Structure formats: C-alpha cells, structure tokens
Amino acid sequence: MLNSDVPDISVMRLPKDDPKNQEGRDVYYMVSTTMELSPGAPIMKSYDLVNWRIVTYVYDRISMSDASSLRNGASSYGEGEWAPSIRYHNGRFYVLFNTNNLGGAFIYFTDDIEHGTWTKVTLGRGFHDPSLYFDDNDDPWIISGVNEYKLDKSDLKTVVETHENIISAEQFKDALGEVPHGFEGSQVFKIGDYYYTPTIYWGKDGRTVMLLRTTDLLDGTKYEARKYALSGFAQGSLVEVANPDGKGTHWEGFFFRDTYPTGRIPGLIPAVWGDDGWPVFGDDNHVTAGDVYDKPIALPDELERLVRLQGVVNSDDFDNDAPHQSYQDQDWWTLEEAPEAGSSEVIVNGEVNGQSGWEGREQAKISLGYTTNHSAPNSLQVTDRTATGAGPSQSVKGKVIAGGTYQLSAWVLYKEGPDNKTFNFTIRDKNKAYVMASANARKGEWTQISGTYTLPEQFDADSAEVFFETPWTATPDATNDLMNFFVDDISMKGDSTKEYAVPEEYKPNGSNLDMVWEWAHNPDNRYWSLTDRDGWLRLTNGHTVSKTAKYMKGTHGDLTYFETARNMLSQRTFGGNMSIETKMDVSGMKDGDTAGIATYTRSFSYAAVRQENGKRTLGVVKRIYDNGKKDAEGNIIDDTIDRDKVESFVEGTTVELGDHTEVWLKSDNVLDESSGKLTIRYLYSLDGRTWNELGGQQGPFGYDWSLSHFKGYRIGLFNYAKAVTGGYVDFDYYSLSDVLSADGKAVSTDRLQAAIAEAKSLRHDEYPAEDWAELQTLLKKAETALVSNPSTQNEVDAPQRALSVQLAQLAVDREKSTNPSPDPTPDPGDGDQGKDDAGKDDGKDDGKDDQDGDQQPSHRLPSTGTAVLGLSGAVVALAVAGVGLTVWRKRHA
C-alpha cells in the first residue's frame, strides 16, 4: 500500500463508539520513522486501512541541535527519530520513539490527535525500538526487545521497575527450529487473555517475523513463539478490525517490506485466527506474489472514490493555501546564547569560583582547593582516583564545532608521586577521546598546559566533554599514575566561527506547506518563503555549504556539498514510473550557487543551474556511492571524497543559459523494485514548450546499506551556496505524473476534460458557498491547462487530479447532507489543490513542555498518489518486486 517509503509502522484503531470519534465509523492512525526529516513523526489517517493521508506531525523539529540543523558541520543523516509506537489510552493519544543522537527516547501526548497541541516528555535514556503499553492499572510500560520498564504514570518519565532479559533466545529453539537473534521492533497487544508481541529476528532465512505470546509479560517461562514467512514483510503492528457483520472484531497484521529503491513499503497482511489462539497470515503463513484479497473494510461509493485519491505524495503550485498547523507553533527550545563580540570562551567557571560546571569523572572526587591555587579564589582538587582518566570534567556539548580551532590553557599541580608527570587536557565525544594539549609537570610546581587544537571533522559536538587526566596505562600504579592533583585557571577559546541558533530559525514565517513536504533537516525559516513572491517557493541561501563536514555515524565519511544544503525541501518517491516537472527562475543567483531538483539518498543525481563568474550553466550531477575504499577483507579504510569532483557536471549534459533566467526541468524516474535500481532521465526547456533531453540515462542507482541515510530515494528541491550568501531561486510548481517522456505517448487530456465536464454539470445551490468557490478556482485552473496546449502529461495530470479530488469531496458532502448517516465526511485535508496530477498529487529541550498553538482544522483532502496505480474498488494488490503482492484478507464463509 501507499507505494512509498513508510517504514517502522505502528497503527492504532479509534473505535466508532469512542467519545473521541465523531465520524460514525472506525478511524485508524499510523505513525512512521522519519529520522532527520522536519517536520517528523507523521500521523497518517485511514478509514479502511488501505488508503492513508497525513493529517499532522508530532513535532515541527526534533531538536535545535547543530546535528538536527546542519549547523557547524554537524548532521543527523540516518539518526533522529526511529521506530515510533502510537497508542490511545483513556482519551489521550501517545507517541513514543527513540533517537540515536539526541539523548534517548521521548514520549509525546495530546488529547486531540489531528488538531491539538502536543506535550513532550524527555526520558533521558535510550530504549531500542520501544513500544508503549498501558496495563489494566493504567500504568505505562516500555517494551524494548526482551526488556520491560514500568514508568511512573504521574510523569511518564521515571522508571520505577526494570525487568531485563525476561526471555532468552535459546528457549525458543525447539519451537522455531533455530535460535533467534536480534528481537527488534517488538510491539505488545493484549488480545483476550494473551499478550501478543510481533517482533523480528535474524535466522537462517534472514530477517524473520516472530510472534510471541504469554499470559504474563514478566514471567519468561510462560512465553511461546511462532515464526512466519511473509515474503520479506517484517516489523510492524497487529491491528484490530471490526468484523463485516458488525459483531466483534478480529486482528490482522500490518508490516513493512524492504522495497528499494522506493523504500520500506507497508502492507496489510490478512490473518485468520485458529482455535489454538494463533493467527495464520496469508495462506498457511505464507504471503506470495499474485494472491488477491478483498479489502477488510468496505466504504460507501462516494467515500471510496474520495479516499482512493489520497496518499502521501502531492503535486503543489506553492500558492500558500495550506492551513497553518498547530505543530508549527512549538516553542519549547532553550537556545545557547552567543558570546559577546570578542569573547569565545567555551569553559564555564574556568577561574574556579566554586565547583559550578565541574564534576568528577570516572568516580574521581573533586573539591575546592582553598589554600592551594594558582590564582584566587580557588582551584579544583582531585582525589580518590581509581583510573588514569579520572579527573575534573565539564560538558561542552553544542559549544564546540567539528573542525573548529581552540586556544587552550590550564594550570596543574601535584604534590606526591614521581618527580615529573604528564597531564593531559582532553576532549571526547561519544566515539573517541582526543588529547588536545599536554604538559610535563614537575612535582610541587604549578605547570601550564597550553596549545592550539583543531577538532576532527568527524567530531560529534553534541556529546562533547573536556576533562583532565594522566596518560592511560593498562595497569595504573597508585603512586605513579593515580596521584591527587589540582587544576586552576582553565580556558578554551574558539576561533569565533561557531554559528549559534536563533529563535527566528523556527518561528513561523507566514508560509504554510502541504503536509507531504518535509525538509531534509531543520529548515531555517528566515531563508524560505511562499510569500516573497506569490505562487512561488523561494529558497534563499542564508548559509554556505560545508567543505569539511562528515557523517556523524558509521565510517564518518565525507558529506557532499549537496548533503549540507540547509533548506532542501523533499518528498517521498513512489514506485514504478515517477515524473516530476518544475519551473525555476534563477535570476537571483550569485556566483558559487547551485540550484535544481534531485533524487537522492547517499547516492544521488540532480539537474541544476550553477552560476560561476557571472555565467549560468545547466547540467547534471551523478553520484554513486561506492561504500568507500576497502582493504582485502572488505573493511572500509578510506571514506573521503573530492567534493568538487563528485559534484562536477556529467560530461555531455551541460547547456549554457546565456540571458535565459527561466528554466523548466523534468525529472523522469524509473524505480524498478524487481532489480532494486533507480534510473533517471532529465529534460529541460527554455520556453516551456520545447523539451530537450539533458544528457542520457543516469544510473543505475542502488542502495548502499551503509545506514547513513537508510531511507528510500526522495525528491528534493534545493539551492546552495559555496561562496557567499544572499542568492535565491524561485520554484513555480511541482507537478507529478506516472507518464515519462521516454514512453513516447501523446499528451492525453481525456480525464481532464471529463473532470471539467462533471464540474460544469453541478448546480451551485446544492453546495456550501465556500466549497463551490473552491471548485470554481480549480475548474478555472483546469480549463486554463486544457486550452494552453500542454507540452507534458504533468501539466495535465496535476490540475485534473486537484479538480477530481474536489469533485469527490463535494459528492461525499452532498450525500451526507441529503442522506444523513453514520458515514463520515472526512475532515478537511492539508494540501494545495491548484496543480496536481493523475496519479500523485496534489537544540535543547526542558523535559516536559506544553504547547498552545493554533488548532485550525485542515482545509481539504490532499489529492495524492495511490490512484495512479489504477486500483479497483474492492480488490487491491501491492506492487512489490515487479508483481502484485496481496495485502489483505480473503473473505471466508
């Protein structure tokens, strides 16, 4: 389903009789992993578990840290939010997820999942792939692999019970025919008298779905296990579905499948529960290509027509007509203040006026040396050392930058031990320690440690800590290595190149994007706009790209210029043929700027305009990541790159633009899920009528499995500066189609004409005035597209799609008003409907914070991508590996 990247899914049901449900039928909500993207943790909604749309996000940005914001050479690719769990309990909605680089897990909750504000709880520790569960006493639990943790329900933060290693892999050897390894993605559901936990493990057949069940979550001896061969589907939820006869419910499986290059695509896996209390998924616990199953939930015809037009991918004409969302108003950040001009001191309380800012490391005891000091008032006295690394330490996370240069000074004294001893002024991140400066001190004399040090490019500034130590030895001697010592007058001054976060980065700027859009990292809201030029997206270069930045995980390989572009706006791809058309105005570019449209993960390609020496050139870049240089055993030994070479234009793809300032670009992508490869052809036009191919086919692009991005390919609109800030580029629209230029098909307007004819057949007195006005706006755009002699299918599909969505919405509204019933009118959606297509459419936190943002409802259902697949109303198959794969349950007598 969705045919797009929606990984690590968690699904919940809001029954039609729940007081929070005013829609007259069951409603389902789903959340997914988005890692570094902003906004993140999308909440998707469905009535039938098949067609989904995004209705809100849990957060606007996950943190204001350098890593989340592509600031000071840091990045968060492949990190951020992972494996969320969504739950509903006692009228409140909860989302729990872990982060790999932001201090652990978070719980967010709200009383109104679609329009309300969220409260954030910082747990302060990590839980791998956590699942949230509430027991019969309303106590919250976190399930993480084979571990379970009870939280204090008064704060949702304090762990009051810890139960680890409740079960062992070996105890399931007989049941599974092998010893499972891994236990990832565990989610707990209570069904009858049993607790069921779908999880995955790595066995002889690779990644395998295992279902655990028990009558007592804390008694490991009561657990049973079954394994399932689900054709690659793994990790996800069980989901409760009402029986067709309205009597009772049953449970089905909802899992994702690695389907690259598109990404991890979810599937609803049918289940029949046997008398033994175990589900049988698919046919005899196998899901195979070509099976066909009925939808589990039937919808009225009008509603069916409408929801099939929804999805998670949209066209957009950047008219700024999407509603403002409450998550945009989240303002719970405590930002580090920039130092006064001329001051760049990193250390707090370096003069040792008390112990503030300092603590003992590795169990060392620190106190004040009142009478022994290098200068008044005190020094830090270090005693009770049991390791060479034991000494005074101070967190400097977020105060230093990778690649930054620092002037160091401190004074050290020891009174007992050898005549001479080396002392180190050291810094470390979560990965490694680095000695910045050393001095050979003489017993009984104050000795200065001083020097200049440049932090490595791969340094993780968000986990930085400085401390004083003696050199490491495997067998430290109490007299010669673990002596007491004093430290005083400590200083670490930077080179004043650090960029500090400011509130204007996250404050709303009056521009509201459709919710299918996410930024590659936190955007800087000062430098993008839908209001600077009506009907256009403006991307202004407020920052220059990094020439030294590296990935913050894995091999710490070099980032390209493109990957450090601060404000890159992105959407998911969809599998199969995907064509994107956009129009750019490049008159505002400056020398060193590059702007265009990309299809990207760590491997990427883009068509872009580049300005150098006052001249603009259009060209194509192709970067295929090769997992670095390896030794004979396959270990990566060098992951550095020549950035300028990597992003040089491919030979034979360049066009000198001369005086042209408007460029039309078309990116035709083939995401072949049978081979796992992506190929791209680019076309351009200088008049919007005549199209020329820009070089030949680019690719094939695969998936590198380095976990550096760890997402399916995405489409990005970008503008970056290598030299100076201030240049800007305007994008007029983003129009999608599943028809490629290489297909050689003539532009078809049949569906556009049919939609126009239907719209003209309606009577205005049968519809609300606001809805009718919206219809007339979209009708006018559709008629304009029809008479403009469109040159691509994109120019037809986008307005046709938008008009079709509005017609479907009006039909649902009319049916409800003339024949009131429990069938819901979907609450308004979130998207711009001006231009859409036939198939895809249109820092730091303080723990627990409440947000009081606007609670405006969305305005329209977005017209998006699933219908491009040509799905039938009653039976739907998921395209995986080039064939139809069934995703829901057959009707059984």
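What counts, and at which threshold
Residues numbered from 1 in each chain as written. Predicted model: local features only at pLDDT ≥ 70, side-chain atom pairs only at ≥ 80, totals over all residues. Heavy atoms only, no water. Helix = DSSP H or I, 4+ residues; strand = E, 2+ residues; numbered from the N terminus. Rg over C-alpha atoms; globule rule 2.2 N^0.38 Å. Buried < 20%, exposed > 50% of the residue type's maximum accessible area, 1.4 Å probe, protein only. Areas by Shrake-Rupley, 256 points an atom, 1.4 Å probe, with all protein chains shown as cover. Lys, Arg positive; Asp, Glu negative; His and termini not counted. Charge placed at Lys NZ, Arg CZ, Asp CG, Glu CD. Contact = heavy atoms within 4.5 Å. Pairing = 2+ DSSP bridges. Salt bridge = Lys/Arg side-chain N within 4 Å of Asp/Glu carboxyl O. Core = buried A, V, L, I, M, F, W, Y, C linked by side-chain atoms within 4.5 Å. Expected span 1.5 Å × (residues − 1). Axes fitted to C-alpha atoms, helices over the stretch in contact; angles between N-to-C directions. Left-handed = near helix turned anticlockwise from the far one by under 90°. Nonpolar A, V, L, I, M, F, W, Y, C, P; charged D, E, K, R; others polar. pLDDT = per-residue confidence, 0-100. Arc of directions from axis to C-beta. Phe/Tyr/Trp six-rings, centres within 6.5 Å; stacked < 30°, edge-to-face > 60°. Lys NZ or Arg CZ within 6 Å of the ring centre and 35° of its normal.

Caption draft 1: Summary view of the overall build of the protein. Within the protein, the secondary structure is distributed over seven helices and 52 strands. In terms of C-alpha radius of gyration, the protein reaches 29 Å, essentially the compact-globule figure of 29 Å for 893 residues. C-alpha atoms of the protein, sized along the principal axes, occupy 95 × 75 × 55 Å. Expressed as a percentage of the 893 residues in the protein, the buried residues total 61%. In the form shown here, the protein has an accessible surface area of approximately 32400 Å², with 46% of it arising from carbon and sulfur atoms. Of the side chains in the protein, 88 bear a positive and 138 a negative charge, and the two mean positions are spaced by 2 Å.

Caption draft 2: View of the side chain of Thr679. Summarising the element assignment, Thr679 is placed in strand β45 (residues 677–685). On the accessibility criterion, Thr679 (17% relative accessible area) is buried. Beyond its immediate sequence surroundings of up to four residues, Thr679 is in contact with Asp668, Asn669, Val670, Gln697, Gln698 and Pro700.

Caption draft 3: The arrangement of the sheet that holds strand β38 (residues 593–600) in detail. Ordered by their spatial adjacency, seven strands build an open sheet running β33-β36-β48-β38-β39-β40-β43, and the pairing between neighbours is antiparallel. Looking at which strands have only one partner, the edges of the open sheet turn out to be β33 (518–519) and β43 (655–656). Here strand β39 (residues 604–612) runs beside strand β40 (residues 615–623); their pairing, made up of nine bridges, is antiparallel. Each bridged residue has a counterpart across the sheet, and for Val609 the counterpart in β40 is Leu618.

Caption draft 4: Representation of unusual backbone geometry in the model. Cis peptide bonds are those with omega within 30 degrees of zero, and the linkage from Ser38 to Pro39 qualifies with 0°. On the secondary structure map, Pro39 appears in the loop between β2 (27–31) and β3 (40–46). Residue Ala376 is joined to Pro377 through a cis peptide bond whose omega torsion reads 5°. The phi angle at Ala41 is positive, at roughly 55°, despite the residue not being glycine. Positive phi is not limited to glycine here, since Asn789 has a value of about 55°. Mapped onto the fold, Asn789 is located in the loop between α6 (769–787) and α7 (794–818). Note on Asn789: relative accessible area 53%, which makes it exposed.

Caption draft 5: Geometry of the pattern of salt bridges. Under the definition given, this model contains 52 salt bridges. Among the salt bridges present, the one from Glu224 reaches Arg213, with a minimum N-O distance of 2.9 Å. Residue Glu224 is found in strand β17 (residues 224–228), and its partner Arg213 is found in strand β16 (residues 206–214); the two are separated by 11 residues along the sequence. Take Arg213: its relative accessible area is 6%, and that puts it in the buried class. Residue Glu693 is joined to Arg681 by a salt bridge in which the shortest nitrogen-to-oxygen separation is 2.6 Å. Remark: Arg681 occurs in strand β45 and Glu693 occurs in strand β46 (residues 692–693); sequence separation between them is 12 residues. Here the salt bridges share partners, and the residues they tie into one network are Asp8, Arg207, Asp258 and Arg264.

Caption draft 6: Seen up close, the nonpolar core. Membership of the largest hydrophobic core comes to 92 residues, with the highest contact counts inside it found for Ile43, Leu49, Phe254 and Phe318. Membership of the second largest hydrophobic core comes to 40 residues, among which are Ile427, Tyr434, Met436 and Tyr453.

Caption draft 7: Structural view of α7. Taking 1.5 Å per residue, 25 residues should reach 36 Å; α7 reaches 36 Å between its end C-alpha atoms and fits that length. Burial analysis of α7 places 19 of its 25 residues in the buried class, which makes it a mostly covered element.

Caption draft 8: Highlighting the packing of helix α5 (residues 750–760) against α7. Contact pair α5 / α7: the axes reach a minimum separation of 9 Å and the direction vectors enclose 35°. At the point where α5 passes α7, the crossing takes the left-handed sense. Every residue of α7 that contacts α5 at Arg751, Leu752, Ala755, Ile756, Glu758 and Ala759 is listed here: Val796, Asp797, Pro799, Gln800, Leu803, Ser804 and Leu807. Of the residues in the contact of α5 with α7, the class split is eight nonpolar, two polar and three charged.

Caption draft 9: A look at the confidence of the model for the protein. Chain-level pLDDT for the protein is 89 on average; 90% of the residues reach the 70-or-more range. Under a pLDDT of 50 for its full length, residues 823–893 has, in the predicted model, 334 contacts with residues more than four places off or in other chains.

Caption draft 10: Looking closely at α5. Looking only at α5, the buried set comprises Leu752, Ala755, Ile756 and Ala759. One side of α5 holds all its buried residues, which, seen down the axis, span an arc of 100°. Close packing links the buried residues of α5 with α6 and α7.

Caption draft 11: Focus on the sheet that holds strand β30 (residues 447–454). Read across the open sheet, the five strands follow the order β24-β25-β32-β27-β30; overall the sheet is antiparallel. Across the chains shown, the open sheet's two edge strands, defined by having one partner strand only, are β24 (365–369) and β30. With strand direction ignored, the average angle separating the axes of adjacent strands in the sheet is 30°. Note: strand β27 (residues 405–413) against β30, eight bridges, orientation antiparallel. Bridge pairing in β30 links Ser409 to Ser450.

Caption draft 12: A look at the packing of aromatic side chains. Applying the stated criterion to the full structure yields 39 aromatic pairs. Note on Trp82 and Phe710: the rings are 5.6 Å apart at their centroids and 20° apart in plane angle, and the pair reads as stacked. Residue Trp82 is found in strand β5 (residues 81–89), and its partner Phe710 is found in the loop between β47 (698–701) and β48 (714–721); the two are separated by 628 residues along the sequence. Across the pair, Phe710 and Trp82 agree in class, each one buried. Aromatic pair Tyr606 and Phe718: ring centres 4.9 Å apart, planes at 65°, arrangement edge-to-face. With Tyr606 in strand β39 and Phe718 in strand β48, this pair connects stretches of sequence that are 112 residues apart. Across this residue pair, the class does not change: Tyr606 and Phe718 are buried. In textbook terms, an aromatic cluster arises when at least three aromatic residues are bridged by ring pairs, as seen for Tyr561, Phe562, Tyr600, Phe604, Tyr606, Phe718 and Tyr720. Across from the ring centre of Tyr149, 4.9 Å away, lies the NZ or CZ of Arg125, which sits over that ring.

Caption draft 13: Broad picture of the packing of α5 against α6. Two elements in contact, α5 and α6, have axes whose closest approach is 10 Å; the angle formed by their N-to-C orientations is 145°. Here α5 and α6 pass one another in a crossing that is left-handed. Mapping the contact onto sequence places Leu752, Gln753, Ile756, Ala759 and Lys760 in α5 and Leu775, Leu779, Ala782, Glu783, Ala785 and Leu786 in α6.

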